[in-house]
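# Tertiary structure, described
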Amino acid sequence: MTIESGTTRTSEHPSQAEERQGFEEIDILWISEGMSCDGDTVSMTASSQPAIEDLVLGLIPGLPKVNLHNKVLSPTSGGEEFLAPFRKAAAGEAGNPFILVVEGSIPNQNIIEGDGYWTSFGNDEEMGEPLTLNWWLDNLAHRAWAVVAAGTCATYGGIHAMAGNPTGCMGLADYLGWDFRSQGALPIVNVPGCPIQPENFMETLTWVLYHAAGAAPPPPLDRMLRPQWLFGKTVHEGCDRAAYYEQGDFAKDYNSPKCQVKVGCWGPVVNCNVPKRGWMSGVGGCPNVGGICIGCTMPGFPDAFMPFMDEPTGGSLSSILIRPYGAFIRRLRGITNIAVNQEPKWHHNRPELTSGYAPRWRP
Ligand code: SF4
Ligand code: SF4
């Protein structure tokens, strides 16, 4: 079963992108000062198709020259030197068009009584007070050629936005509005995952950059603004344990190679390609290698999936229903398996040929 989701047809909106010839140089302003662990930045460095180095060094044909400003990977000495392009862009003085990448969820500053801030990025140059992430978003997002949310916290709020949190934090589309359009007439591009699967993110960024180069249409997004080609299928549809599920053969503990739905796997209802794709170069993953899917890419994560190690309610019903069919089919397949696990009787070394070879019809 594929979970259907609508398409946001970006071409319906008047697009500067369609009128221009493409940019030759572009900045990526990456802010991970949301409620964030920087895990998406770290994860992104594990991509090899393409690698961030390939992007920055201009090794991918047809892309604009990319200037990456990410604090973990910055060659600057930090501080004001690192902040300079962000300050310029926020003042409307950016030298190049830029893509704003946001990592981490967006706290609600409006619930703070009096002074204070949940999270900040640099200080106000005159007042010396911390500049909140919210201030940066208010000053950068509408100036950005494209806005990309990296990770489930930035896309949908994520773990930091779980029930009981004190910051009232949220995803970028909750903050900017789901109908937000960037200077490039693009909606927010959401790449969820906790963390992002490395190549999922780099592929999406590369698509956006090809679009910026005038060489590709906008990336196709679903109604939750996810790239369709990455999040259009469920974990279950790409899990190599699904044959166990279909045969009603379920793991009873975490050491089993069988389907893990009864020990907490949410794969059948989660949009994610990780078991199909692997984590790094096809190695690793989640349920395919023994870790239950906890739905970390989903807008309802984590509250809708907790407690993680309990059997999902729907999983209980479907696994009960499939049991009689699965047991019957498994038995039949077992019988056939024994039959096809034997060589034919004419494979022998005796002095007569018993293969049925009959050359008499030949002229
Ligand atoms: S382990 Fe999870 S994703 Fe894999 S087949 Fe079982 S329920 Fe589906
Ligand atoms: S398979 Fe599940 S737990 Fe693993 S990355 Fe995808 S959504 Fe997250």
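Just so it is clear, the model here is predicted, and its values are computed rather than measured.

Moving on: the UniProt feature "domain: Cytochrome-c3 hydrogenase C-terminal" (unreviewed entry) in the chain. Following the UniProt record, one finds the feature "domain: Cytochrome-c3 hydrogenase C-terminal" (unreviewed entry) at residues 231-308. Taken end to end, residues 231-308 has its terminal C-alpha atoms 21 Å apart, with 13% of it in helix and 0% in strand.

At a minimum axis distance of 8 Å, the contact between helix 4 (residues 79-90) and helix 5 (residues 133-140) shows a crossing angle of 55 degrees. Comparing the axis directions of helix 4 and helix 5 gives the class oblique. The segment helix 4 lies against helix 5, with Leu83, Phe86, Arg87, Ala89 and Ala90 engaging Trp135, Trp136, Asn139 and Leu140.

Our next topic: the site of ligand 1. Not every one of the 13 residues close to ligand 1 is listed here, only the nearest: His236, Cys239, Cys259, Gln260 and Cys265. For ligand 1, the cavity whose grid points lie within 2 Å of the majority of its atoms is the largest cavity. Partitioned by chemical class, the residues of the shell around ligand 1 number nine nonpolar, three polar and one charged.

Under the counting rule described, the total for this entry stands at ten salt bridges. Its salt-bridge partner being glutamate 80, residue arginine 87 comes within 2.8 Å of it at the nearest N-O pair. Note on arginine 87: relative accessible area 15%, which makes it buried. Between arginine 277 and glutamate 203 there is a salt bridge, and its shortest N-O distance comes to 2.4 Å. Highlighted residues: arginine 277 in helix 11 (residues 274-277) and glutamate 203 in helix 8 (residues 198-212), separated in sequence by 74 residues. The exposure class of arginine 277 is partly exposed, given its relative accessible area of 24%. A cluster of three or more residues bridged by salt bridges with shared partners is formed by Glu33, Asp38 and Lys71.

What follows concerns the side chain of threonine 41. Mapped onto the elements of the fold, threonine 41 is located in helix 2 (residues 39-44). Once you skip the residues sitting within four places of it in the chain, threonine 41 turns out to touch Trp30, Asn70, Val72 and Glu103.

For strand 4 (residues 98-103), the buried fraction is high: six of the six residues fall into the buried class. Taking every second residue as pointing to the same face, both faces of strand 4 are buried, with Phe98, Leu100 and Val102 on one and Ile99, Val101 and Glu103 on the other. The pairing of strand 2 (residues 25-31) with strand 4 spans five bridges and is parallel. The residue bridging aspartate 27 from the neighbouring strand is phenylalanine 98, located in strand 4. In the sheet, strand 4 pairs with strand 7 (residues 146-150) via five bridges, with the strands oriented parallel. The residue of strand 7 that forms the bridge with isoleucine 99 is alanine 146.

About the criteria used
For every chain, the first residue of the written sequence is number 1, and numbering continues from 1 onward in sequence order. Starting at A for chains and at 1 for ligands, labels are handed out in the order in which the entities are written. With the structure being a predicted model, the display of local features is reserved for residues of pLDDT at least 70 and the display and counting of side-chain atom pairs for 80 or more, all residues being used for whole-chain, interface and lining totals. Only hydrogens and water are set aside when side-chain values are computed; all heavy atoms of the structure are taken into account. UniProt positions are given in the numbering used here, feature names are shortened, and annotations may be inferred rather than shown by experiment. Secondary structure elements are defined from DSSP: runs of H or I of at least 4 residues count as helices, runs of E of at least 2 residues count as strands, and each element is numbered from the N terminus. Lines fitted to C-alpha atoms define the axes here, with helix axes fitted over just the stretch in contact, and angles between the N-to-C directions of these axes take values from 0 to 180 degrees. In these notes the angle categories are as follows: under 35 degrees is roughly parallel, over 145 is roughly antiparallel, 65 to 115 is roughly perpendicular, and the rest is oblique. Contacts between residues were defined by any pair of non-hydrogen atoms, one from each residue, lying within 4.5 Å. The near set for a molecule or strand comprises every residue that places at least one heavy atom within 4 Å of it. Here a cavity denotes a set of grid points, spaced 1 Å apart and computed over the protein atoms alone, in which a 1.4 Å probe fits but from which it cannot get out, and a pocket denotes an open set meeting protein on both sides within 12 Å along at least five of seven lines; residues with an atom within 4 Å of a point are reported as lining. Whether a molecule lies in a cavity or pocket depends on its atoms, and more than half of them have to be within 2 Å of the grid points. The nonpolar class holds Ala, Val, Leu, Ile, Met, Phe, Trp, Tyr, Cys and Pro. Asp, Glu, Lys and Arg form the charged class, and all remaining residues, Gly among them, are polar. Whenever Lys or Arg places a side-chain nitrogen within 4 Å of a carboxyl oxygen from Asp or Glu, that contact is recorded as a salt bridge. For each residue, the accessible area found with a 1.4 Å probe, counting protein chains only, is set against the maximum for its type, and the residue is called buried under 20%, exposed over 50%, and partly exposed in between. Only strands joined by at least two bridges in the DSSP assignment are considered to pair.

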